[in-house]
Structure formats: C-alpha cells, structure tokens
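The residues making up each chain are set out below.
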Amino acid sequence: MALQLGDVAPDFTAESTEGTIHFYDYLGDSWGVLFSHPKDFTPVCTTELGEVARLKGEFDKRNTKVLGLSVDPLQSHNDWVGDIKDATGSALNYPLIADPDHTVSDLYGMIHPNANDTLTVRSVFVVGPDKKVKLTITYPASTGRNFQEILRVIDSLQLTSGYSVSTPVNWTAGEDVIISPAISDDDARERFPKGFRTVKSYLRFTPQPNR
Ligand code: BEZ
C-alpha cells in the first residue's frame, strides 16, 4: 500500500551527487523533503531542480533538508547538473539521488505504472524530525510543481506541531490562524494572550502565536 500520512518514512542508503546518502543519518533532527522527478535532461525537471536550488536558503531557514531523486544513474545526474545551472542560473546545492534499480522509488511508491511503468512521477514527501510522513503530493510529468507551496505547508506543519492551531485556506506565514475547536474560550484566552475573534463557535482566529 502507498505510504500514507503518519507512516514512518522508510530509511535507505543510496548514491547521490553528494556521495552515499544514509537517509536517516542525513536528516538527523531536521525536517526533510524527498522529491522525485521523471527524467534527467528534460525541460520541466530542469526548471524544477533549478528552482529548488534557488530556494535552498528558504529550506535551510526552516531546518529542512531537500533531496531530489530519479531512476537515472549517477553519471547521468552528474552530466546534467551543468545544464541546470546554465538554464536556470542556480547550481545544484542539494543531493540528487540516483535510483537505477528502483530501490527508493519502490519503497516510496514513486513509480505509478498506469502513468509510466519505468519513470518516477513528481512525488513529494515531507518528513518530520520524528521520521514520519507529514505530507505527500503527486504531480504528473507534464506539470511542474510549485515549491513555494511546499515551503508554505512546511510553515504550517512546523507551526501546528507546536500549538493547538490549524491554518486556514491559502494561509501564509504571519497571517491569522485558527484555534482548535477542542479548546474552550476560557482556555483560549490563556493560551493565546493576543486575543481571538469568533466567527462561529467552531471558527476562532488568533494572530500567529510564535510571531
Ligand atoms: C519534463 O521534465 O519536461 C518531462 C519529463 C518526463 C516526461 C514529460 C516531461
């Protein structure tokens, strides 16, 4: 069965553009983003890998390590990285895993045979410091991902893991958040000293508590 939210992200050892990766050791206590792309030397993938390199500082600020992956061999990855820099202006600054024997792709269900029986789809797995899967997203080969959205979800995941809040539609960091309906108004007054506004008894907004 496909990996689901709350499942333990499988550990693995694999070769990458930054040497041998032992996944759990590599993550340490950080958050992680493991994302697959279908194929080296392809246009959409080139733009995605460059964009993640451009955003690396944003992932660092969130204590999050990123790793890319495809079923291409390491030599292909190494031959391609120069193109990513040329085409996007951003040099690869995170490991790109080579998975020619599909070890990691199979562990994470990144090959969807009814879409393509040999290439990985555009999977994203966000893994928490507890090594559990916090987010899965799957895009088809023809659609490049929005990595600002991945950062936005990480902001939400990191906030909501520390406070009894959730984040509303289209929320971005700094905007008001929703107090858990399980918390009484009296409790909410203590926990959220900046105050809250009640739209419905089950929908109460408060300023982001950690800002
Ligand atoms: C691309 O990155 O452009 C791509 C890769 C595989 C299939 C289709 C598109």
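Residues numbered from 1 in each chain as written. Predicted model: local features only at pLDDT ≥ 70, side-chain atom pairs only at ≥ 80, totals over all residues. Heavy atoms only, no water.

## Description of the site of the ligand
We apply this condition: Nearness is judged by heavy atoms alone; a residue qualifies as near a molecule or strand once a single heavy atom is within 4 Å of it. Here a polar contact means two N or O atoms within 3.5 Å. Within protein one must be a hydrogen donor candidate and the other an acceptor candidate, and residues neighboring in sequence count only if both atoms are side-chain atoms. Put simply, DSSP marks the helices as runs of H or I at least four residues long and the strands as runs of E at least two long, and each gets a number from the N terminus on.
The immediate surroundings of the ligand are formed by Pro38, Thr42, Pro43, Val44, Cys45, Arg122 and Ala141. Pro43 places a polar main-chain atom, nitrogen or oxygen, 3.4 Å from an oxygen atom of the ligand. Residue Cys45 places a main-chain N or O atom 2.8 Å away from an oxygen atom belonging to the ligand. Among the elements that line the shell around the ligand, the one with the most residues is helix α2 (residues 43-54), at three residues.

## Structural notes on the pattern of salt bridges
Working definition: two side chains of opposite charge can pair if their charged atoms are close together. Note the cut-off: Here, a salt bridge means any side-chain nitrogen of Lys or Arg that lies within 4 Å of a carboxyl oxygen of Asp or Glu. Each residue's exposure class comes from its accessible area (1.4 Å probe, protein chains only) as a fraction of the maximum for that residue type: buried when under 20%, exposed when over 50%, partly exposed otherwise.
If you walk through the whole model with that rule in mind, you get 13 salt bridges. Among the ionic pairs, Glu51 bridges to Arg54, the shortest N-O distance being 2.9 Å. In this pair, Glu51 and Arg54 both sit in helix α2, three residues apart, roughly one turn of the helix. Classification of Glu51 by relative accessible area gives partly exposed; the value is 25%. The exposure class of Arg54 is exposed, given its relative accessible area of 52%. A salt bridge links Glu149 to Arg152; the shortest N-O distance between them is 2.6 Å. Of this pair, Glu149 and Arg152 are both found in helix α6 (residues 147-160), three residues apart, which corresponds to roughly one turn of the helix. Here Arg152 falls in the partly exposed class, since its relative accessible area comes to 22%. Because the salt bridges share partners, they merge into one network encompassing Glu58, Lys61, Arg62 and Asp155.

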